[in-house]
Amino acid sequence: MSELYNWPQGDMLTPEENDQFWYGTISRGDPDLHASLTAPKTSSDFFNRLKAEPLLDHTRLYRVARHRLESGRIANLLEDPHRSDFLEYLDSIDETSRIISDWIPFGYVLNNNPEALCMNTEGGSVIVVSEVVRYALFWSLRDLCGLLVGGGLNLLPDIVVTT
């Protein structure tokens, strides 16, 4: 059975073998992606690794990414299905700012941490926003718009209010 999955022989995996196995699961035969995960050199490589680590640590997040992949929403497990949010913002800023930010990898990360970070890595700067923040902002803005437009903040669904 171990030959079928190319598992290393022996009782325990070394940390390097463990990384090779799990990052191989994420990269799914893409040698460039696998190399960027196992030996990151550029800011894009570090960004990919930041996106892969939560999938390896949390089974539920891995299943969410697998469902997106199998439903055709994304082409690989690390692709961001909501990348258009950032692209729309880049379209709205001036040309100079767009050129300055063009070399920085950015995007949403599927993880459980409600945070957004601009960080320096060994390969360069990256901008990471958790999908948790995306949904929190969506619902907060939805309720704020309801307060401004409707005159009152109603957090209860219509079905609860009418019954």
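Per chain, residue numbering runs from 1 following the sequence as it is written. The predicted nature of this model means local features are confined to residues of pLDDT at least 70 and side-chain atom pairs, given and counted, to a pLDDT of 80 or more, with totals for whole chains, interfaces and linings taken over all residues. As a convention, hydrogens and water are excluded, and side-chain values are obtained from all of the structure's heavy atoms.

S.K.: Sorry if this is basic, but what is going on with helix α5 (residues 59-70) here?
M.R.: In an α-helix, one turn spans 3.6 residues; hence positions three or four apart end up facing the same way. For α5, which comprises twelve residues, the first-to-last C-alpha distance of 16 Å matches the rise-based estimate of 16 Å (1.5 Å per residue) to within 8%. Relative accessibility decides the category of a residue: with a 1.4 Å probe and only protein chains considered, values under 20% of the type maximum give buried, values over 50% give exposed, and everything between is partly exposed. Only runs of H or I of at least four residues qualify as helices and only runs of E of at least two qualify as strands under DSSP, and these elements are numbered from the N terminus. Among all positions of α5, only Leu-61, Tyr-62, Ala-65, Arg-68 and Leu-69 are buried. Projection of α5 onto a plane perpendicular to its axis shows the buried side chains occupying an angular sector of 120 degrees, all on one side. Exposed residues pointing more than 90 degrees away from the buried face of α5 are listed as Thr-59, Arg-63, His-67 and Glu-70. Trailing α5 by a residue or two, Gly-72 shows a phi angle of about 85 degrees, which is positive. Expected helix span is computed as 1.5 Å times (number of residues minus one). Our arc is simply the arc of the directions from the helix axis toward the C-beta atoms.

S.K.: What is the right way to read the side chain of Arg-68 from this model?
M.R.: Its place among the elements puts Arg-68 in helix α5. Residue contacts are defined here by distance: any two heavy atoms, one from each residue, within 4.5 Å place the two residues in contact. When residues no more than four places from it in sequence are discounted, the contact partners of Arg-68 are Arg-73, Ile-74, Pro-81, His-82, Leu-110 and Glu-131.

S.K.: What exactly am I supposed to notice about empty space enclosed by the protein here?
M.R.: Using only the protein atoms, space was sampled on a 1 Å grid; points where a 1.4 Å probe fits but cannot get out form cavities, open sets with protein on both sides within 12 Å along at least five of seven lines form pockets, and lining residues are those with an atom within 4 Å of a point. Grid points are joined across faces, edges and corners, and a volume is the space filled by probe spheres set on the points. All told, the structure shown has one cavity of 30 Å³ or more when counted by the stated rule. For the largest cavity, the lining is made up of 14 residues, of which Arg-68, Leu-77, Leu-78, Glu-79 and Leu-110 are closest to its centre. At the level of elements, α4 (43-57), α5 and β1 (106-109) are the ones that each hand at least two residues to the lining of the largest cavity. Any residue that is not Ala, Val, Leu, Ile, Met, Phe, Trp, Tyr, Cys, Pro, Asp, Glu, Lys or Arg is counted as polar, Gly included; the first ten are nonpolar and the last four charged. In terms of residue class, the lining of the largest cavity is built from nine nonpolar, no polar and five charged.

S.K.: Please explain the pattern of salt bridges as it appears in this structure.
M.R.: Pairs can form between side chains of opposite charge once their charged atoms are near each other. Between Lys or Arg on one side and Asp or Glu on the other, a salt bridge is scored when a side-chain nitrogen of the former is within 4 Å of a carboxyl oxygen of the latter. Counted by the stated rule, this structure contains five salt bridges. With its nearest N and O atoms 2.7 Å apart, the salt bridge here joins Asp-85 to Arg-134. Remark: Arg-134 occurs in helix α8 (residues 131-150) and Asp-85 occurs in helix α6 (residues 84-92); sequence separation between them is 49 residues. Asp-85 sits in the partly exposed class, given a relative accessible area of 27%. Using a relative accessible area of 22% as the deciding quantity, one classes Arg-134 as partly exposed. Put simply, Glu-95 and Arg-98 hold a salt bridge, and the shortest N to O gap is 2.7 Å. Note that Glu-95 and Arg-98 are positioned in helix α7 (residues 95-101) at a spacing of three residues, about one turn of the helix. Taking relative accessible area as the criterion, Arg-98 reaches 25% and is therefore assigned partly exposed.

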